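Summary of the model geometry
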Amino acid sequence: MIGFLGGAYLWVKAAHVIFVIFWMAGLFMLPRYLVYHQEADPESPENAIWVSREHKLISIILNPAMIAVWACGLALLVSSGAAFQQWFQLKFLFVIGLSGYHGWLVGYHRTLARGQRLLSGNALRLLNEVPGITVVVIVFLVIIKPF
């Protein structure tokens, strides 16, 4: 039993991991959707289909999962007192970065929905690698705790 969560600590930790998986799944899917959307003609019926798909992914999976990740993560942080450990501080920076990336993806979804194409398909394909690289760093920090 750790901190104020007591016996619920492991349940909250399990929920945190589950919602991280949902969030990451969405962060892997949305950039791919954006690539395909980017390549659709803004005036085509296909464009409207991509807008709808992206909106559903964002509102049903991505946003709720991110909120749950943050809520569970902050509860674990307060309960465990890990805030002063260097591995956690670096992990926290990466999570903030991933949250910013999430926000940027949602913003680019809105840009595409307005018919604007600001990036190339190749740029979006490269940006698709951000969550994978970030999660590798975060997992190593959490499991190994190198400092």
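Counting from 1, residues in each chain are numbered in the order their sequence is written. Under the rules for a predicted model, residues below a pLDDT of 70 receive no local features and side-chain atom pairs below 80 are neither given nor counted, while totals for whole chains, interfaces and linings still include all residues. Heavy atoms throughout the structure, all of them, feed into the side-chain values; hydrogens and water do not.

Regarding a nonpolar patch on the surface
Patch membership is restricted to residues that have no salt bridge and whose relative accessible area is over 30%. Joining uses 9 Å for like charges and 5 Å for the nonpolar side chains Val, Leu, Ile, Met, Phe, Trp and Tyr. The Shrake-Rupley method, run with a 1.4 Å probe sphere, supplies the accessible areas, and residue values consider only the shown protein chains as cover. Throughout this description, the term salt bridge denotes a Lys or Arg side-chain nitrogen within 4 Å of a carboxyl oxygen of Asp or Glu. On the surface, Val17, Ile18, Ile21, Phe22, Ile60 and Ile61 cluster together to form a nonpolar patch covering roughly 550 Å² of accessible area. If you tally residues by element for the nonpolar patch, the top one is helix α1 (residues 9-39), at four residues. Secondary structure elements follow DSSP: runs of H or I of four or more residues count as helices, runs of E of two or more count as strands, with numbering from the N terminus. Structurally, the position occupied by isoleucine 60 is in helix α2 (residues 45-80).

Concerning the environment of threonine 134
Mapped onto the elements, threonine 134 comes out in helix α5 (residues 130-144). Think of it in three bands: with a 1.4 Å probe and only protein chains considered, a residue is buried below 20% of the maximum accessible area for its type, exposed above 50%, and partly exposed in between. Taking relative accessible area as the criterion, threonine 134 reaches 10% and is therefore assigned buried. Between the alpha carbons of threonine 134 and valine 17 there is a distance of 15 Å; along the sequence they are 117 residues apart. The contact criterion used throughout is that any non-hydrogen atoms of two residues lie within 4.5 Å. Those residues in contact with threonine 134 that lie beyond four places of it in its chain are Phe94 and Leu98.

Quick look at α2
Helix span is expected to be 1.5 Å times the residue number reduced by one. The end-to-end C-alpha separation of α2 is 51 Å, in line with the 52 Å expected for 36 residues at 1.5 Å each. Residue isoleucine 58 marks the point of greatest curvature in α2, where the axis turns by about 40°. Once α2 ends, the next one or two residues include glycine 81, with phi positive near 75°. Each residue is assigned a bend, namely the angle between axes fitted to the seven residues that terminate at it and the seven residues that start at it.

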